[in-house]
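Here are the chains, one letter per residue:
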Amino acid sequence: MELKREDLEALVYWRDPKKSGIVFGGIMVVLLSLSFFSFISVVANLSLLALTAAFGFRIYKTVQQAIQKTSDGHPFKEILELDLTLPAEKVRSTSDLAVTHINAVVSELRRLFLVEDFIDSVKFGVGLWMLTYVGSWFNGMTLIILGVVALFTLPKVYETNKAQIDQNIELVAGKVNEITAKVRAAIPIGKKAEEKKEQ
């Protein structure tokens, strides 16, 4: 059972509201539980709940088979026969992809922290400064919960209002590019970095 990009898009865009609701609800229950209880406690309680449900269903099916005199076998037979081993090739390709992304992030962070381009480093600094305020307003779990809510709402809102949102994004991007160009023209350090890139 492999989660494909199309399946993920179908969940996020609420193509099947029942499936999306179950996934979204399940994730939110786990995240809200983690915000009030410890990770170990949440995992133990959810595992106990799943085990109790499985026991109950297995006993119910066994009693039903005894009463109806059928031999359907184990009720979880299909799940027990699923191959859950990770293919070595898939693991290798995923780890290669992860290493590529990690290397790109590390080199970009080095570039920003060591002020290779003055303007980019200033933008990065402003972003970090804004994150200090976000961190003082919200804890990590709240940000994860907000991220999950955004994941299940923003794509659908964008899909519904694509034209208006694209128009506003273009307007904002144009203003940001205009301001950045003015700042680059005024600051000689930014000009030197641009000249080096051109050479």
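Quick caveat: nothing in here was measured; it's all calculated off a predicted structure. (Residues numbered from 1 in each chain as written. Predicted model: local features only at pLDDT ≥ 70, side-chain atom pairs only at ≥ 80, totals over all residues. Heavy atoms only, no water.)

To continue, consider the overall build of the chain. Summing up its helical and strand segments, the chain has nine helices and zero strands in all. When the helices and strands of the chain are read in sequence order from the N terminus, they spell out α-α-α-α-α-α-α-α-α. Taken over the C-alpha trace, the chain has a radius of gyration of 26 Å; the compact-globule value for 199 residues is 16 Å, which it surpasses by more than 25%. On the principal axes, the C-alpha backbone points of the chain span a range of 85 × 40 × 35 Å. Split by element, the accessible area of the chain, about 16000 Å² in all, is 68% carbon and sulfur. Each charge sign in the chain was given a centre, from 23 positive and 22 negative side chains, and these centres are 3 Å apart. (Helix = DSSP H or I, 4+ residues; strand = E, 2+ residues; numbered from the N terminus. Rg over C-alpha atoms; globule rule 2.2 N^0.38 Å. Areas by Shrake-Rupley, 256 points an atom, 1.4 Å probe, with all protein chains shown as cover. Lys, Arg positive; Asp, Glu negative; His and termini not counted. Charge placed at Lys NZ, Arg CZ, Asp CG, Glu CD.)

A few words on helix 6 (residues 118-137). Given a rise of 1.5 Å per residue, 20 residues ought to cover 28 Å, and the 29 Å separating the end C-alpha atoms of helix 6 matches this to within 8%. Taken together, the buried positions of helix 6 are occupied by I119, D120 and S121. N-cap assignment for helix 6: the residue whose side-chain oxygen lies 3.2 Å from the backbone N of I119 is D117. (Expected span 1.5 Å × (residues − 1). Buried < 20%, exposed > 50% of the residue type's maximum accessible area, 1.4 Å probe, protein only. Polar contact = N/O pair within 3.5 Å; in protein donor to acceptor, adjacent residues only side chain to side chain.)

The subject of this paragraph is the pattern of salt bridges. Summed over the entire model, instances satisfying the criterion amount to seven salt bridges. Between E159 and K156 there is a salt bridge whose closest N-O contact spans 3.3 Å. Pair noted here: E159 and K156 are both in helix 7 (residues 140-160), with a separation of three residues, about one helical turn. Using a relative accessible area of 32% as the deciding quantity, one classes K156 as partly exposed. The residue K182 makes a salt bridge to E178 at a minimum N-O spacing of 3.7 Å. Here the residue K182 and the residue E178 both occupy positions in helix 8 (residues 162-186), the gap between them amounting to four residues, near one helical turn. For K182, a relative accessible area of 54% corresponds to the exposed category. Given the relative accessible area of 40%, E178 is considered partly exposed. (Salt bridge = Lys/Arg side-chain N within 4 Å of Asp/Glu carboxyl O.)

Moving on, we come to the UniProt feature "transmembrane region" (unreviewed entry) in the chain. In this structure's numbering, the residues bearing the UniProt feature "transmembrane region" (unreviewed entry) are residues 21-44 and 130-154. Between the end C-alpha atoms of residues 21-44 the distance is 24 Å, and the span holds 92% helix and 0% strand. With 92% helix and 0% strand, the stretch residues 130-154 has end C-alpha atoms that lie 22 Å from each other. (UniProt positions renumbered as here; feature names shortened; annotations may be inferred.)

A word on the packing of aromatic side chains. The tally for this structure, following the rule as stated, stands at seven aromatic pairs. Centre to centre, the rings of W14 and F152 are 6.1 Å apart; their planes meet at 80 degrees, and the pair counts as edge-to-face. Residue W14 is found in the loop between helix 1 (5-12) and helix 2 (17-36), and its partner F152 is found in helix 7; the two are separated by 138 residues along the sequence. Aromatic pair W129 and Y133: ring centres 5.1 Å apart, planes at 85 degrees, arrangement edge-to-face. Of the two residues, W129 and Y133 both sit in helix 6, four residues apart, roughly one turn of that helix. Of the residues examined, Y133 reaches a relative accessible area of 39% and is grouped as partly exposed. Among the aromatic residues, those joined into a ring-pair cluster are W14, F24 and F152. (Phe/Tyr/Trp six-rings, centres within 6.5 Å; stacked < 30°, edge-to-face > 60°.)

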